[in-house]
Structure formats: structure tokens, C-alpha cells
Amino acid sequence: MGKLVDRARRTIESRSAAGRARRPTIASSFDWVMRWLMVIVVWMGLVVIVGPIPRIVPFRAEVGQQWVEGDVITPFTLAVEDVDQAARDEAEIRSHHAKIFVHDTAVERSTVENIENILREASRVRDHASSQSVFQKKLRTVYGVELSPPVCQFLIAHADDPRLRTDLLEAVRVLYSDRGITNDKRMLTGAALAGRLRILSSAPSFFDRSTTFSAERVLEYPAEVENFLERRAFSRAPVAPEWRKTYVELLIPLLRPNIVYSEHLTAESLETALKKAHRKLEIAPGERVITRGERLSALQVELLGLLDKKLRRYDALRLFSNALILALGIAFVAGFAQRYVRDFAFTPARIAMLALPSVFALAVGKFVFTLSEDVVLATFAYPAGLIGMLGVILFEPQLAIVVSLVSALAAGLAFQGSFWPTFVGAVSGLAGVVFLHSVRERREVLMAGLRLAGLNALLAIVSAVMFNRLAIRTDVTLLAVGNGLACYVLAVGGLPLFESLFGVVTDVRLMELTSVDHPLLRLMEERAPGSYQHVLNVTKLAEPAAERIGANYLLVRAGAYFHDVGKLLKPKYYTENQVTPEERRIHSRISPFLSCLIIKNHVREGIELAKRFRLPQQVIDFIPQHHGTSLIKYFYEQARQQLGTQGATVDEDEFRYPGPKPQTREAAIVMLADAVEATATAKFTGKTVREEDVYRLVRQTIQDKFSDGQFDECKMTFEDLHEIFEVFVKTLLSRYHRRVDYPQPGEARSRMAGTVIVPEPASAPVTGNNS
């Protein structure tokens, strides 16, 4: 136990130091760039397939053009102006729109204030005996009033006369409030006769005073006002001529029009009326805009332009949102694979291999949807089950489930954002995973395809109930069944493509390799029967151990079958193939160095032989890795004994295998199974075996490999080693079980010569928990 803990501590420290010392290299940077480039390519491919791709060039149509395409149904609410009716309404509004005059009440107040000020000034001149000329000058400069000397003198003399003040204020009131003064009597009268006159008061806010003033009574400034003052009978009668002359000379300069035409308000009112009059023609979603064969009117051309603009904007927004959702989906798949899928390598090839089934399935579904514009038909043309089936064969069921769900979401986005394609795609994809959870035989793929065809047919019936009111569509049903069968054909037929393009070894390929009829295995059985039996025994140890820890047991089986193929070229140099005494003494006639060279050489020869028989690289890797850099102890000790008498030392590295060390858990399992099987065969064959001996052998073998650092480069855990220990012990105990002799009639029963398991005593040590 202490040795294991010390070895674990040293391993952790060495790995931490290596991690701290590690620096990015050009190769690693290039790999990083290529990984991201592949991710971007996959993402862009999915975005293009899912779409929609908006048109950049706007649609063009002309009035009078015949519409030869299909009926146009709008998915949006379209609101456009009816141009013809709007032109008629505008002409009507312009011809009947009111002329707006503003009644300014401030003019009257200002005029009254000026009269009061002039009278006070005239009174002041009289009281202080000021100069009349100064008064005249002030009237001219301040108030703009030019009075004749007699009128000025009259005004000064009667400034305090209440009659003068009363007459002036009465005249102002009548002119402004009862009659009104304007500067454009002709326009005012014409607007009144046409019924288009509006007089608005400006204080405090605009309100209509059209009924207050009569257009016939309004006076035009200054002619009619002067005439009115000269003729009007004031409240005091009669009025002397000098008084009336004073009124006219004084009031005419002070008076201003209080009903004035407002061009600004008239234009503003007309604009408001025109806006209200513009008729918006609204077309609800689902309504027909154009029927095939129609000649386009101006209104339809405008509707087409508006619809095209909305469609391009809507497609651009959908493309952006779909691209974002797909990016999140890819990130989710990558995060799941990195966190939960053991030994998943993010290489460009693996990324492409993971994405290719989804890209292909979505492309098929989108192609059918583009041709038919039928969501239901495209849904059952989308081979979602293929994604699940290939995911199980190429990767792991957990990753296949995640990829199927994300692909189903992408299918929903591709087919108008409908929920039904997502639901059917998710169910079919998950069914492909469940129906093909593990591949042990090729017919399991066929059975999965048949089950998937039945499930798709059931989903087609459900679709008919939901969308067609029990009207089952024959085309959809047949397509659904064909979808399931096509998934089987594509899954089986696509495997060679994946194997050749990406160098992946599928479970189906591994099953083909592990057939006992494989030419290389037949050759080994013929030339090296002992080694052949050895690899079978190694397989029996390694395969259940791989299943126990969740490793790829098919890859372990293949690696165990072919890990020693190099021995068939020189079989007699290996103990398991030595039959005669002469063969067993073959190494005694050569030096330990040469023997070691021959033993190590079976690795190189095995690799060459495996390549000649076109074994996959993942299987070839087991040949050097199942030995790692282990020490060939027997010949190393012989060399030490021989050279030790001469005082020389032996370089241990010369007696180690070239490696590399196991890079995967599968290779590490085969390494342990090979060592345990070889040791057990050497120690237990023909001997009485105690259970304690089996536990000790397995535990010691695992500890030796661990202490030698053979697992430093693979993700083997202590828990994995403990599970492997238990499986190896169980397998060896079943192999070296108690045998009895079955005597011939008349013979006494005796124990059969051979290996016998003796039950371990009560004081047996604890089994392998410290491994």
C-alpha cells in the first residue's frame, strides 16, 4: 500500500511540474486554429441549411405586368395607402378646406391703452402749459400718430372732457368687438360665401369665433374703417365736425386689423386634414394579395414592395436568431462532450464526424421542404433516427442523445419554426439511440431500422389526427416508413465512408475484425498456436474488465486479438510456442542481448504485419502500447549475471520495450491482461493453486505496472484498477477450478493430474483492495 501511495504522489507531482513547464507550441497553436476553423465551418453550414437566407436585391414589379407565379398570400398585416382614393380625397379637401383668420384680442387692449396714454399726455401738456409742437412730435415718434395743429390743439383743450374719452373707447369697442377689422376683406368675404371661413380667437387658446363675426359687417382697414368713423352716429348725438375730425385723425393711425388671415394655421390645418384623409388599406395575415394571372395595379405593386421589404427584414432577423441558437447548441454539445464523454478528442476530424450526420439529415429535410413547402412532409423526410444510430456507432449513447436533441431543435427552426418537426425529430433521434444502444451484431442495426420505421408510421398517424382531422396521408405514411428503412441503409452504408475519411474504427468494423475467420488470426493459429491460445486467454481477461469500467470492450477485444501478431514470424522464440526440449533451449544458445532484441522485435514486425493486413490504426496502437516501456526482466537478469562476473554494468534501457506507454484505458487493460495471463500460465499450469496465490499474482502484477509508470499517459484511475483486479481474479479462479477424474468402469476414482484450486485458509489476506 505504501509503495502505491508513494508512486501516486510522484506521478501527480511529475504531471503538475510538466503542466507548469508546458508552453504553447506552433503545432498546438495550429491545432487550436484548425479546431476553431472546423467549428466555424460547421456552424456556417448549419446556418445556411437552416436559413432563411434573405434576399439582398429588392423585388421589382411594374404596373400592368401579368403575374405568372402562384397566388401571393401575406403572412403579415399589410397597411398601404390607396393612392387613387387618396388623390380624390386630397382634391376634395383642398377645394373645401377652410381659410383661417385669427381674431387677436390683444389689438383692442393695445389700442385702448394707447388712447388712455395720449389723453393723459394731452392733459399734462395743458396743465403744464407745455409746447404743442413737443406734444405733436411725441405723438409722431411714440405712437405713430400725425395730428394737424388744429386737431392737436383741440385734443389738448378737451383732454379731460369725459365725452371725448367715452366716444373714443366706444368707437374702439364697436370696431373691434361688434364689427371687426381685417386687412383682406375680399378673401374673408369669399371664404364666407364658399362656407370655408373660420375665425379663431387667439386668447388664451384658439377657439372658433366664426359665429361671432359676420363677414358682411367686418370692415377693411383702413378705407372702410375711416368711412365708418366719418359716418357712424356715436352714442352722443349730434357730434360736432371738429370732434369727428379729431376721432378720425386720432383713431386711424392707432387702429390695427384684429381679424387677420393666418397662412401658417391654414397650411397646418390643411396638412392635418390631408393626413387624416389618407386611407390605409389593411390586409390581414392569410389574405390573398395577388391571384395568378392578374395584371398588377399600382396598389398591388405597392403591396408587393411592402411585403418584400417585410419578408427581407423578417428573414434577416430569423437568420440572426437562428445563427445564435445554433451557436448555443454547438457550444452545449461541445461542453457536454468535454465534461461527460471520456476520452473525447476535439480534433477537426472528430468535430466534422460529429456534425456530418446532423448536417446531412437537415439538408435532406430542408431540400424536401423547399420543393414541397409542406412542413409535415419535410418532417418525415428528415432522417432524425440516422443521427441517433450513427451517434451510438461512432461515439457514445449519451453524446448521441444530446446531438439528436440539438439537431431536432435545428429542424424546427429550419421548417418555419414549427414545434412538430422538433418533437418528431427528438422522438425519432432518441428512438435511434434506444433501439441501437449497443452494437454486438450487424442485424441489430437492421432491427433498429425496422423499429424506427414502425415508430415513424405511428407518428405519421398522430400527425394526421392533429393536422388533417383523421385524414391519413398516404405519401406521409410511406415516407415515414421509408425514413426508418433509409436510416438503416445509410447507417450501414455510411460506416465505410466515416472509416475511410476520418480513420475511425466503428463497432461494426471491430466485430468484423474480431471474427475468428480473420486471415491474420487464422495465420497465427497455424504458425503460432501457442500465441494464438495466449491471445484468446488475454481476450477472456480483458473484455469483461473493459465492460466493468465502461471502456470500449470491442476495441479491447480487437486489440487483444492482434497485440501479439508479430510473434508468428519467429514463433519458436516465445515460450508458449515451444514444444520440444530443443525448442525450449533456443535462447540458451544465444546471448541475452540478442534474445532481448528478438523479443522486442516482435513489436516492430507486428506493426508491419498489421499494416500489411490493413488493420485500423487504433488496433495497431495496441501492439506497441501493450508492452509500453516495460522491462524484459528475464533476459535483463541474465545479462546482469553474465556481465556482473566481469565487473561490467547493464543499461536497463536496452532491455525495455520502445513504447509508447498506453495512451488509452483500453491499451492499459490489454497490457495488464497480457502480463497477468503470461504470469499465471507460467506459475499455475500443472500445479496446485491456492486462491491466495491468484489474488497475490494479480495484485502484484498490477502494482508492478503502476510502479513502473506505465499508466502515466492514460486516464486510468485507482477505481478502474480495483475493478480490473476483481474481474481478473474472478476470471482466473474460474479458469483454474478444481477438476476430478472420471474413471473407467472398474477403476478407482483418482484426482486428475493438473491444476487444482485449494480453498484459501481462514487467515487469507484481504483481496486486492490496495491495488
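Residues numbered from 1 in each chain as written. Predicted model: local features only at pLDDT ≥ 70, side-chain atom pairs only at ≥ 80, totals over all residues. Heavy atoms only, no water.

**Topic: the packing of aromatic side chains**
Part 1 of the reasoning: Inspection of every chain in the model, using the stated rule, returns 13 aromatic pairs.
Part 2 of the reasoning: Relative to Trp 243, the ring of Phe 154 has its centre 5.0 Å away and its plane inclined at 80°; by these criteria the two rings are edge-to-face. With Phe 154 in helix 6 (residues 149–157) and Trp 243 in helix 10 (residues 241–254), this pair connects stretches of sequence that are 89 residues apart. Trp 243 carries the same exposure label as Phe 154, and that label is buried.
Part 3 of the reasoning: On the basis of an interplanar angle of 40° and a centroid distance of 5.1 Å, the ring pair of Phe 336 and Tyr 340 is categorised as tilted. Taken together, the residues span about one helical turn, with Phe 336 and Tyr 340 both in helix 12 (residues 298–340) at a distance of 4 residues. (Phe/Tyr/Trp six-rings, centres within 6.5 Å; stacked < 30°, edge-to-face > 60°. Helix = DSSP H or I, 4+ residues; strand = E, 2+ residues; numbered from the N terminus. Buried < 20%, exposed > 50% of the residue type's maximum accessible area, 1.4 Å probe, protein only.)

**Describing helix 9 (residues 223–231)**
Part 1 of the reasoning: By the burial criterion, the buried members of helix 9 are Val 225, Phe 228 and Leu 229. All buried residues of helix 9 project into a common sector of 95° when viewed along the axis, lining one side. Exposed residues on helix 9 whose side chains face more than 90 degrees from its buried face are Ala 223 and Arg 231.
Part 2 of the reasoning: On the buried face of helix 9, the contacting elements are helix 7 (162–179), strand 4 (181–182), strand 7 (219–220) and helix 10. (Arc of directions from axis to C-beta. Contact = heavy atoms within 4.5 Å.)

**Quick look at a nonpolar patch on the surface**
Part 1 of the reasoning: Among the surface-exposed residues, Trp 32, Val 33, Trp 36, Ile 40 and Met 44 lie close enough to one another that they form a single nonpolar patch of about 530 Å² accessible area.
Part 2 of the reasoning: Relative to the helices and strands, Ile 40 resides in helix 2 (residues 26–50).
Part 3 of the reasoning: Under the relative-accessibility criterion, Ile 40 is labelled partly exposed at 39%. (Patch = residues over 30% accessible without salt bridge, like charges linked within 9 Å, V, L, I, M, F, W, Y side chains within 5 Å. Areas by Shrake-Rupley, 256 points an atom, 1.4 Å probe, with all protein chains shown as cover. Salt bridge = Lys/Arg side-chain N within 4 Å of Asp/Glu carboxyl O.)

**Observations regarding the pairing of strand 5 (residues 197–201)**
A regular strand places its side chains so that they alternate between the two faces of the sheet.
Part 1 of the reasoning: In terms of burial, strand 5 is largely enclosed, as 4 of its 5 residues are buried.
Part 2 of the reasoning: Relative to strand 5, strand 3 (residues 99–103) runs parallel, the two sharing 5 bridges. Looking at strand 5, one finds that Lys 99 is bridged to Leu 197. (Pairing = 2+ DSSP bridges.)

**Here we look at empty space enclosed by the protein**
Part 1 of the reasoning: Scanning the model with the defined rule gives 3 cavities of 30 Å³ or more in all.
Part 2 of the reasoning: Within this model, the largest cavity holds a volume of roughly 70 Å³.
Part 3 of the reasoning: Lining the largest cavity, in full, are Leu 354, Pro 357, Ile 387, Leu 390, Gly 391, Leu 394, Phe 395, Leu 399, Ala 400 and Val 403.
Part 4 of the reasoning: Mapped onto the lining of the largest cavity, the elements with two or more residues apiece are helix 13 (348–372), helix 15 (384–394) and helix 16 (397–414). (1 Å grid on protein atoms, 1.4 Å probe; cavity = no way out; pocket = protein on both sides within 12 Å on 5 of 7 lines; lining within 4 Å. Points joined across faces, edges and corners; volume = space filled by probe spheres on them.)

**What to know about the packing of helix 7 against helix 9**
Part 1 of the reasoning: Interhelical geometry of helix 7 versus helix 9 gives an angle of 130° and a closest axis separation of 12 Å. The angle between helix 7 and helix 9 falls in the class oblique. Our pair here, helix 7 against helix 9, has a crossing hand that is right-handed. Touching Ala 171, Val 174, Leu 175 and Arg 179 of helix 7 are Val 225, Phe 228 and Leu 229, all from helix 9.
Part 2 of the reasoning: In terms of residue class, the contact of helix 7 with helix 9 is made up of 6 nonpolar, no polar and 1 charged. (Axes fitted to C-alpha atoms, helices over the stretch in contact; angles between N-to-C directions. Parallel < 35°, antiparallel > 145°, perpendicular 65-115°, else oblique. Left-handed = near helix turned anticlockwise from the far one by under 90°. Nonpolar A, V, L, I, M, F, W, Y, C, P; charged D, E, K, R; others polar.)

**Focus: the pairing of strand 3**
Part 1 of the reasoning: Here strand 3 lies mainly inside the structure; 4 of its 5 residues are buried.
Part 2 of the reasoning: Pairing of strand 3 with strand 8 (residues 259–261) involves 3 bridges; the strand directions are antiparallel. Within strand 8, the residue paired with His 103 across the bridge is Ile 259.

**Regarding the packing of helix 5 (residues 132–143) against helix 6**
Part 1 of the reasoning: Two elements in contact, helix 5 and helix 6, have axes whose closest approach is 11 Å; the angle formed by their N-to-C orientations is 100°. It follows that helix 5 is roughly perpendicular to helix 6 by the angle criterion. Packed against helix 5, whose contacting residues are Gln 132, Phe 135 and Gln 136, the element helix 6 presents Pro 149, Cys 152, Gln 153, Leu 155 and Ile 156 at the interface.
Part 2 of the reasoning: In terms of residue class, the contact of helix 5 with helix 6 is made up of 5 nonpolar, 3 polar and no charged.

**As for helix 29 (residues 665–684)**
Part 1 of the reasoning: Taking 1.5 Å of rise per residue, the 20 residues of helix 29 would be expected to cover 28 Å, and the 27 Å separating its terminal C-alpha atoms lies within 8% of that figure.
Part 2 of the reasoning: Buried residues dominate helix 29, accounting for 15 of its 20 residues. (Expected span 1.5 Å × (residues − 1).)

**Overview of the confidence of the model for the protein**
In low-pLDDT segments, the atomic positions of the prediction should not be examined closely.
Part 1 of the reasoning: Summing up the model confidence of the protein, the mean pLDDT is 82 and the portion of residues at 70 or higher is 87%.
Part 2 of the reasoning: A low-confidence stretch, residues 1–6 stays under pLDDT 50, and its non-local contacts, those more than four residues away or across chains, total 6 contacts.
Part 3 of the reasoning: Counted against residues more than four places away or in other chains, residues 760–771, with its pLDDT under 50, gives 21 contacts. (pLDDT = per-residue confidence, 0-100.)

**Points about the pattern of salt bridges**
Part 1 of the reasoning: Applying the stated criterion to the full structure yields 30 salt bridges.
Part 2 of the reasoning: Linking Arg 548 and Glu 723 is a salt bridge whose minimum nitrogen-to-oxygen distance equals 2.7 Å. Pair noted here: Arg 548 is in helix 22 (residues 529–549) and Glu 723 is in helix 31 (residues 718–735), with a separation of 175 residues, a long-range link.
Part 3 of the reasoning: By relative accessible area, Arg 548 is classed as partly exposed at 41%.

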